[in-house]
Number of protein chains: 2
Amino acid sequence: MAKAKRIEGVLSPVVTPFKRDYAPDAERFVRHCRWLLKSGCAGLAVFGTNSEANSMSVGEKRKLLEALIAGGVPAAALMPGTGHNALTDSIELTREAVKLGCGGVLMLPPFYYKGVSDEGLYRNFAEIIERVGDERLQLYLYHIPPVSQVPISLALIEKLISKYPGIVAGVKDSSGDWSNTKAMLDNFSRNNFDVFAGSEEFLLANMRNGGKGCITATGNVNPGPIDNVYRNWRSAEADKLQAGITATRKIVQKQPMIPALKAAIASFGNDPQWKTVRPPLVELNAEQERTLITELKAAGFSMPGLA
Amino acid sequence: MAKAKRIEGVLSPVVTPFKRDYAPDAERFVRHCRWLLKSGCAGLAVFGTNSEANSMSVGEKRKLLEALIAGGVPAAALMPGTGHNALTDSIELTREAVKLGCGGVLMLPPFYYKGVSDEGLYRNFAEIIERVGDERLQLYLYHIPPVSQVPISLALIEKLISKYPGIVAGVKDSSGDWSNTKAMLDNFSRNNFDVFAGSEEFLLANMRNGGKGCITATGNVNPGPIDNVYRNWRSAEADKLQAGITATRKIVQKQPMIPALKAAIASFGNDPQWKTVRPPLVELNAEQERTLITELKAAGFSMPGLA
């Protein structure tokens, strides 16, 4: 099997539905993934920060991944998060993702120890790549210092690209700092290295500077309009379209992001079970939920085809 | 089987030896654990921060735990770290520890998401306790905000003690902030809640204020003298003894702690394979190692019976 074609466009870090007892709900998960692909997402970054991925065991994630493939979701559209604190966990899930034919994997650095060296992080990624030992692997680095507290530096990216060209395929920049995304683009986009903005707020800027799209939380609820910016970034209307999706994001991110996404899906999809989050997260309170839904409706927001 | 007698005194968060290929080395691990118990440790907090516990999978930790028991280490002396980001991982390893008869478990909060609420953390611990569902469980909370970035507040401790008296048995305070340890002692030590200092620097102060001992990195290399402070905290010599162990600690912590502990064991035990750490950590460089060993020897440090 050859390497999958690289994913470009809008990816959603898919929120993970849980049953009342906190067990992952494969059926709702497959349904939501299919809706996302139908509604504008080019790819699915399942098991991301917004997926509560670190709140699940490797075994639970393997089962969900298998359920997606069995449920007809094309493996080539999948970019599962496979980076864990434990080297062996990262190897296990990455190997599984490659075996299933996933388009790529999005990899967090190990994030328990703080202030670790680039050399230690390099060894982590290199060891995973060597142990997986499969030319089909396309590894996207996941830079999200506000949460992981462990950044992926430009120097580390450079070292990884030069040792593993073609395998180290890109990055998701969730620093929230456009100047950092710009530096990644300026330094590496000519090296066949695909830069994804970690929020649709930077989608247009990213495209104008050689990026490949965005991987964004609100892709879970607003995939169509975000994809519309991606498809029309060269058009005269691009700035106006960008302003529209930014406005929607701002409504959502007034509330805690993950329970807000789930509350929106629960409300617009008429399926209250979606509101469940795993500890240590908590669902929105009634007031937060009311504000979110009221403001989204007032802005003309909808999720066509969901319910 | 009844609840194990509570562990009091000096506990070591045992460093984990790895083979050249980074596989956990059960044989060296058992040997080091037996040496620690012979040399002054009352208990073994295996799978702590200094154990690189989060760099190992749940399966790897289960195997090491089983190897310890098979190797003759008494389960009642064990307080394994069983807190993970994933609720299901925490439940799995805690259940295993209780089944094996461990004296307690030391539990990190989930630490990927930052700024989580006490309510979310409460649900995490409560869910684990309920699912394990075993009266033998003795759960020690692990407060280490400099690394986890997720603190365990006094209010959370109070709520957990009042809901699960006897099960929520104590805390390790690795905040490095004596005033926080003091507040834990003042608020909860009368509630059958055992407070352990996270460093021997605070051992004497902790004992004088109603604490039960310490769980300390350098317990891996200096268990005898630390235990000597514990046993003699009421004596006229206590302050002098405390000054001695603090001086040794200060030599070790000039270097990155985990590779320094391993380098000391490698050197004084004449077993270089001990130096291996898993990524993202890196071993000491030659200069750091030379400084550490030279300074320890100059201070008269030894590890009797190790080699």
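These numbers were taken from a predicted model, which means no experiment stands behind them. (Residues numbered from 1 in each chain as written. Chains lettered and ligands numbered in written order. Predicted model: local features only at pLDDT ≥ 70, side-chain atom pairs only at ≥ 80, totals over all residues. Heavy atoms only, no water.)

## Some points on the packing of aromatic side chains
Okay, step 1: Using the criterion set out here, one finds 15 aromatic pairs over all chains in the structure.
Okay, step 2: Ring plane angle 10° and centroid distance 6.4 Å describe the contact between F29 of chain B and F47 of chain B, whose orientation is recorded as stacked. Of the two residues, F29 of chain B is situated in helix α1 (residues 26–38) and F47 of chain B in the loop between β2 (43–44) and α2 (58–70); the sequence distance between them amounts to 18 residues.
Okay, step 3: The exposure class assigned to F29 of chain B is buried, which follows from its relative accessible area of 0%.
Okay, step 4: Members of the aromatic cluster, joined through ring pairs, are F111, Y112 and Y113 of chain A together with F111, Y112 and Y113 of chain B.
Okay, step 5: Above the ring of Y122 of chain A, the side-chain terminus of K159 of chain A is found at 4.3 Å from the ring centroid. (Phe/Tyr/Trp six-rings, centres within 6.5 Å; stacked < 30°, edge-to-face > 60°. Helix = DSSP H or I, 4+ residues; strand = E, 2+ residues; numbered from the N terminus. Buried < 20%, exposed > 50% of the residue type's maximum accessible area, 1.4 Å probe, protein only. Lys NZ or Arg CZ within 6 Å of the ring centre and 35° of its normal.)

## Regarding the sheet that holds strand β3 (residues 105–107) of chain A
Residues and elements named next belong to chain A.
Okay, step 1: Pairing is parallel in the open sheet, where seven strands are placed in the order β2-β1-β7-β6-β5-β4-β3. The open sheet has two edge strands with one neighbour each: β2 (43–44) and β3.
Okay, step 2: Pairing analysis gives two bridges linking strand β1 (residues 9–12) to β2, with the strands arranged parallel. Residue pairing in the sheet places L11 in a bridge with G43 of β2. (Pairing = 2+ DSSP bridges.)

## Concerning the nonpolar core
Okay, step 1: With 189 residues, the main nonpolar core has V46 and L141 of chain A together with V46 and L141 of chain B as its most contacted residues.
Okay, step 2: Ignoring any residue separated from it by four or fewer positions in sequence, one finds V46 of chain B in contact with S12, V14, F29, C33, S51, L65, L68, L78, M79, P80 and G81 of chain B. (Core = buried A, V, L, I, M, F, W, Y, C linked by side-chain atoms within 4.5 Å. Contact = heavy atoms within 4.5 Å.)

## Concerning the pairing of strand β6 (residues 194–197) of chain B
Okay, step 1: Alternating positions in β6 of chain B separate into two faces, D194 and F196 of chain B on one and V195 and A197 of chain B on the other, with burial throughout.
Okay, step 2: Once the chain exits strand β5 (residues 168–173) of chain B it traverses helix α7 (residues 178–188) of chain B before rejoining the sheet at β6 of chain B, and the crossover so formed is right-handed. (Right-handed = clockwise from strand over helix to strand, strands pointing away.)

## Points about helix α6 (residues 154–163) of chain B
All names here are of chain B.
Okay, step 1: All buried positions along α6 are accounted for by L156, I157, L160 and I161. Considered in projection along α6, the buried side chains sweep an arc of 130° and stay on one side of the axis. In α6, the exposed residues that point more than 90 degrees away from the buried face are A155, E158 and S162.
Okay, step 2: Packing partners of the buried residues in α6 comprise α4 (118–132), β4 (139–143), β5 and α7. (Arc of directions from axis to C-beta.)

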